[in-house]
Amino acid sequence: MTEALLHLQIPQDHPSYAGHFPGQPVVPGVMLLDLVLQAAEQWPQGLGVDVPPFEIPVCKFLQPVLPGALLTLTLSDGARAGTLNFRLQQDSQVVASGSLRRAVGVP
């Protein structure tokens, strides 16, 4: 099994917080997924996944992530060829997890 770990810090001043949610900002899920996709695009051959673009067939957001959070992203080979599993953790708590696969019909 091939695995990669990255440590990420969520910026405290990202413009998306203005609307998500005023007075009590939470990191938008799409921002977390963007971090996962950027990381997956950096190591496609090492993780047994062809090339992007990816589809996200499974994704679960388990805990809210606050601005300034320190996260650990784990990417690992999926059970099927061309898939990649991801897990985002804050300390030892999983905040999001899921899988990626090469987009169907993309040359």
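Residues numbered from 1 in each chain as written. Predicted model: local features only at pLDDT ≥ 70, side-chain atom pairs only at ≥ 80, totals over all residues. Heavy atoms only, no water.

(A) Focus on the nonpolar core. Formed by 22 residues in total, the largest nonpolar core has its most connected members in I10, V65, L71, L73 and L88. Elements with a minimum of two residues in this core: α1 (29-42), β3 (70-77), β4 (83-90) and β5 (93-102). Of the residues forming this core, the biggest block, 6 residues, is contributed by α1. Dropping the residues within four chain positions of it, L88 is found in contact with L8, L32, V36, L71, T72, L73, Q93, V94, V95 and A96. (Core = buried A, V, L, I, M, F, W, Y, C linked by side-chain atoms within 4.5 Å. Buried < 20%, exposed > 50% of the residue type's maximum accessible area, 1.4 Å probe, protein only. Helix = DSSP H or I, 4+ residues; strand = E, 2+ residues; numbered from the N terminus. Contact = heavy atoms within 4.5 Å.)

(B) Structural detail: the environment of R80. Assignment of secondary structure puts R80 in the loop between β3 and β4. The class for R80 is exposed, based on a relative accessible area of 66%. Separated by 21 residues in the primary sequence, R80 and R101 place their C-alpha atoms 9.1 Å from one another.

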